[in-house]
Structure formats: structure tokens, C-alpha cells
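Reading the structure
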Amino acid sequence: MATPSSPLLRQHPPRIIPLCPVAMATAPRLTALPRCYGNSILATRTGSSLPQVYKGLDIITNKVSLQEQRLCRHHMISFVDPLVSNYTVVDFRDKAVPLIEDIFARDKIPIVVGGTNYYIESLLWKVLINTKEKPSSAPRLESDRKVELEQLDSAELHRRLSQVDPEMAAKLHPHDKRKVARSLQVFEETGIPHSEILQQQQEEEGGGPLGGPLKYPHSCILWLHADQAALDARLDKRVDDMVAAGLLEELRDFHRRYNQEKVAENRQDYQHGIFQSIGFKEFHEYLISEGNCSPETSALLLEKGIQALKQVTKRYARRQNKWVRNRFLKRPGPNVPPVYGLEVSDLQRWEEDVLKPALEIVESFIQGREPPAEPLRMERDEENKRSHRVCELCHRLIIGDREWAAHTRSKSHLHHLKKRRKLEASRGTVGDSGDTENSDEDGSLPLP
């Protein structure tokens, strides 16, 4: 097998190999790939619900263990102060890219391992926008403009965006405060509409629907996926294992050191920074009531938190699956690396189903030849994700064909539809005078 320091690597362009596990459900087993290469591969990890860049909460963020780190050097872990609330994907990219370049310079192969696919995208494509003239390499403690904008009313935010960038405003839902605020921030700090910058990126040579050209043209994606039932069971077990490993003590200590004072002043923020981690807000009631309620109530709140953590973890895993399909398989364009699916439903078959084919794919890329495995086929997507429909019954704006279909099947919409039909039926009944209230001018009756 060719090693990353072999002459074969020098004869061919270096590769970057992102591994995209589902919700980090198989993360402990991922070390099998770096282990086979010894210390010749450096891995950059992103987290499960946000980058693992923050110090603390090692259990809830499922950080790689110290034992695993000794097998293969890791980067981008536990270096940001937990009180920094505005660490962004741009900050992540600006620190990770020089590390990747340094790895390449030493004839080694970077492996990006993660569950936060948006952060992986930032390393593969030219998709992000720098709004600062001199981006800082250090995380910022001060507030940024995007956070300030998010404090405004949703309608006001969207109105402002409509004035400066109507094209982007038409694409974004008025209630999506984060994206609307980001687009406003881009315009305020660059003077150029966000939509115009994105269009320029896509029109660059090698660009496509996902953004600008690939930064590393010789890349491949290994997507670890599992049967839904097997994945759900594994995620439930992972939560139980986290509790057994000391999750409650970790959350309790973190709450006492960083969040207790904020809660007392009613200014806690579970939308930014490390506090948005899956698992922290789910135990909010338990943490703030501990010691102030009966043991029975405390036990009920604890169980409620555990079940909520299991539910939100499985929901996040589904979103990750959807993200991979939508971004890499349904709307790929010409600038998407090949995606190889690895089945991880049965961990007893890890060697046959995952490790062996993964090593064969990686070896082929190192040697500059076609891998023996076939990449996943691109899925044709006829869905219009930007269609706009207004439901007059529910007084709601719905963006996207799939969202509209889901809305028309929702309980609330069907309830309003039933009420309207009853109202129409009552208006169409015969009154005392024998006339029909809603009869047409030609005397015909409305259709039933």
C-alpha cells in the first residue's frame, strides 16, 4: 500500500478526504482509518452539533478521546473560550485551511472528519464571504453585527433586506432570522448585495450550484450511513453511555461556571456559541431546579431531559442525512467530488463493509487511479426549493415544493380547510325566502 510519504504521492496531486459520518454515531470507529496509516495522516474534526472548537463539554460534544488523539494527531479541538458566542464558520475556515496546506506541504493527507457538513463545505468550496478587511485569527469576544441584527423583529429584518437585496429576500423566509441577518450583514460590511456575491462565485470557472470552484480538485467524500432503525438504536445507546460517563456532572459544572448567573438575570442564550450544543438546553429545567424541588420532581425532569436529548439527536441525524443528499447528490453541478457510501448498520461487519473498502478508495486516490468502488449515483431533483406560496387559510408563507406539500398535509391546515368547507356549506343552504345565498347569476348552484 502506498503511504502518504511515498514517491507515488509526490507523482500525483495531494488529496483531501472528508469523512461524513451520520451524527458521529460511528465516530469512535473512525479512528480505524487513521490508525492504519499511523501518524502519517492528520485529521481535522468538526463536531456533531457544532464544531468541537470550544473548551469544555467534552462528553456532550462527543470529542475524540485522548487515547485516539495519540494514534493520530488531531486539530481544531478545544481552543475557543466557551464565552465566545460569535465564533463562525469563517473563523473555522481561516484557521483550518492553513493547517491543511501545512499537511500537504509535508506530503501527508488531511482527513476532515465531522458531522457539521456546513463546516466541511467551507473547506472544500469557495462558498464563504469575508466581510472584514482584516480577519482576525483569534476568536472575538466582542459582539458582531449579525448578532446585533438578530435582536430585531423578523418582519423588520426582512423589510430591510428587501430594500437592499430583493433577490435574496425573495429566497429567504421572513422568519429565518439567522440567514436574513447574515445577508444584511454582508451588504452592510461590503456594500454589495449578498445575492450578487453568490452569483459571482457560482459563475467563476469551476463553479456551480454549491458555490465557487473546489479548493482541492482531487478530493473524495466517504459517507458513512446506516439503516434508520439501527442508527436510532445506536444513538439512544450513545446518550445512555454519555450519562454513564458523567454527562450530568459535566453539565452541572459547566452550568455553575458559565451559565448560572445568566439564567438568574434572564439573559441566557441557547442560540449562539457552545450553549447551542445539543444537550445543554434539553437539561435546562433540570439544572435550574436542582436543589429547589423534591427528589421526585428532579427525577422526572432528569428523565425528561434524557428523552429530549435522544429525540433531538435522532432529529439532527436525519437532518445530516438530508443535507448530504441535497448538497452532494441532488444538486451537485460540475464541482462536487465523488461520494462513496459506506454501510455502517452492522458494526460486526466493520472490517468488510467499511474499513477495507475505505482503505482501497484512499489508496486509489493516493496512486492517482480509479477506485474499485463505484461512487453513489447523482439523484435527479425536480423539486423547486425556492417556490413561494401563500396559504390564505393559515395566513402563512411557504417556501419550497416539499414544504408546501408537507403544509397541505399538516393538522393545522386540514383543520382550517375543514372550517372553511363548513362555512361554505352553511352559506350555500336555502334560507327562509327560498333563495340560495351563493347562487350564480345564471341560476346555477355552486358545485359541492
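None of these values were measured; they are calculated from a predicted model. (Residues numbered from 1 in each chain as written. Predicted model: local features only at pLDDT ≥ 70, side-chain atom pairs only at ≥ 80, totals over all residues. Heavy atoms only, no water.)

**A few points about the overall build of the protein**
Across its full length, the protein carries 18 helices and 8 strands. Split into buried and exposed, the 448 residues of the protein put 46% on the buried side. Restricting the contact set of the protein to residue pairs at least 6 apart, pairs at least 24 apart contribute 72%. Here the protein has roughly 23300 Å² of accessible surface; of this, 51% comes from carbon and sulfur atoms. (Helix = DSSP H or I, 4+ residues; strand = E, 2+ residues; numbered from the N terminus. Buried < 20%, exposed > 50% of the residue type's maximum accessible area, 1.4 Å probe, protein only. Contact = heavy atoms within 4.5 Å. Areas by Shrake-Rupley, 256 points an atom, 1.4 Å probe, with all protein chains shown as cover.)

**A look at helix 8 (residues 154-164)**
Every buried residue of helix 8 is listed here: Ser154, Leu157, His158 and Leu161. Around the axis of helix 8, the buried residues are gathered within 90° of arc, so they sit on the same side. Across helix 8 from its buried face, at more than 90 degrees, point the exposed residues Ala155 and Gln163. Contact partners of the buried residues in helix 8: helix 7 (145-149), helix 9 (166-171) and helix 10 (177-190). Sitting at the amino-terminal end of helix 8 is aspartate 153, which places a side-chain oxygen 2.9 Å from the backbone nitrogen of alanine 155. (Arc of directions from axis to C-beta. Polar contact = N/O pair within 3.5 Å; in protein donor to acceptor, adjacent residues only side chain to side chain.)

**Quick word on the packing of helix 5 (residues 89-105) against helix 6 (residues 117-124)**
A pair of packed helices is captured by two measures, namely the crossing angle of their axes and the spacing between those axes. Orientation of helix 5 relative to helix 6, taken along the N-to-C sense of each, is 50°, at an axis distance of 9 Å. The angle between helix 5 and helix 6 places the two elements in the oblique class. Crossing angle aside, the handedness with which helix 5 passes helix 6 is right-handed. Contacts between helix 5 and helix 6 involve Val89, Phe92, Arg93, Ala96, Val97 and Ile100 from the first element and Tyr118, Tyr119, Ser122 and Leu123 from the second. For the contact of helix 5 with helix 6, the residue count by class is 8 nonpolar, 1 polar and 1 charged. (Axes fitted to C-alpha atoms, helices over the stretch in contact; angles between N-to-C directions. Parallel < 35°, antiparallel > 145°, perpendicular 65-115°, else oblique. Left-handed = near helix turned anticlockwise from the far one by under 90°. Nonpolar A, V, L, I, M, F, W, Y, C, P; charged D, E, K, R; others polar.)

**Overview of the pairing of strand 8 (residues 396-399)**
Two faces make up the sheet, and in a regular strand the side chains alternate between them. Here strand 7 (residues 388-391) runs beside strand 8; their pairing, made up of 4 bridges, is antiparallel. By the bridge assignment for strand 8, histidine 388 is matched with isoleucine 399. The hairpin turn running from strand 7 into strand 8, its antiparallel successor, is 4 residues long, and histidine 395 in that turn takes a positive phi close to 55°. (Pairing = 2+ DSSP bridges.)

**Some words on the packing of helix 12 (residues 228-244) against helix 15 (residues 295-330)**
Two numbers describe how helix 12 lies on helix 15: the axes approach to 10 Å, and their chain directions differ by 135°. Viewed along their axes, helix 12 and helix 15 adopt a mutual orientation that is oblique. Where helix 12 crosses over helix 15, the handedness of that crossing is right-handed. On helix 15, the residues touching Gln228, Leu231, Asp232, Leu235, Asp236, Arg238, Val239, Asp240 and Val243 of helix 12 are Ile306, Leu309, Lys310, Thr313, Lys314, Ala317, Arg318 and Asn321. Per-class residue counts for the contact of helix 12 with helix 15 are 7 nonpolar, 3 polar and 7 charged.

**As for the pattern of salt bridges**
Note on pairing: side chains with opposite charge can pair once their charged atoms come close. Counting across every chain of the model gives 19 salt bridges. The residue glutamate 352 makes a salt bridge to arginine 349 at a minimum N-O spacing of 3.9 Å. Put simply, aspartate 353 and arginine 349 hold a salt bridge, and the shortest N to O gap is 3.0 Å. Relative accessible area serves as the criterion here: at 21%, aspartate 353 is assigned to the partly exposed category. (Salt bridge = Lys/Arg side-chain N within 4 Å of Asp/Glu carboxyl O.)

**Concerning the nonpolar core**
Tyr87, Phe92 and Trp125 are the most contacted members of the largest nonpolar core, which has 30 residues in total. Contributions of two or more residues to this core are made by helix 5, helix 6, strand 5 (221-225) and helix 15. The dominant element in this core, judged by the number of residues it contributes, is helix 5, at 6 residues. Val354, Leu359, Val362 and Ile366 belong to the second largest nonpolar core, which has 20 residues in total. (Core = buried A, V, L, I, M, F, W, Y, C linked by side-chain atoms within 4.5 Å.)

**What about the side chain of aspartate 232?**
Within the fold, aspartate 232 resides in helix 12. With residues near it in sequence (within four places) discarded, aspartate 232 still touches Lys314 and Arg318.

**So, the environment of phenylalanine 254**
By the element assignment, phenylalanine 254 lies in helix 13 (residues 247-264). Residue classification places phenylalanine 254 among the buried residues on the basis of a relative accessible area of 1%. Remark: the alpha-carbon pair of phenylalanine 254 and leucine 57, spanning 197 residues in sequence, is separated by 7.3 Å.

**Some words on the packing of aromatic side chains**
For the structure shown, the criterion picks out 6 aromatic pairs. Arranged with centres 5.1 Å apart and planes meeting at 80°, the rings of phenylalanine 92 and tyrosine 119 form a pair that is edge-to-face. One end of the pair, phenylalanine 92, is in helix 5; the other, tyrosine 119, is in helix 6, with 27 residues separating them in the sequence. Across the pair, tyrosine 119 and phenylalanine 92 agree in class, each one buried. Members of the aromatic cluster, connected to one another through ring pairs, are Tyr54, Phe79 and Tyr87. Taking NZ or CZ as reference, lysine 95 lies 5.0 Å from the ring centre of phenylalanine 79, over its face. (Phe/Tyr/Trp six-rings, centres within 6.5 Å; stacked < 30°, edge-to-face > 60°. Lys NZ or Arg CZ within 6 Å of the ring centre and 35° of its normal.)

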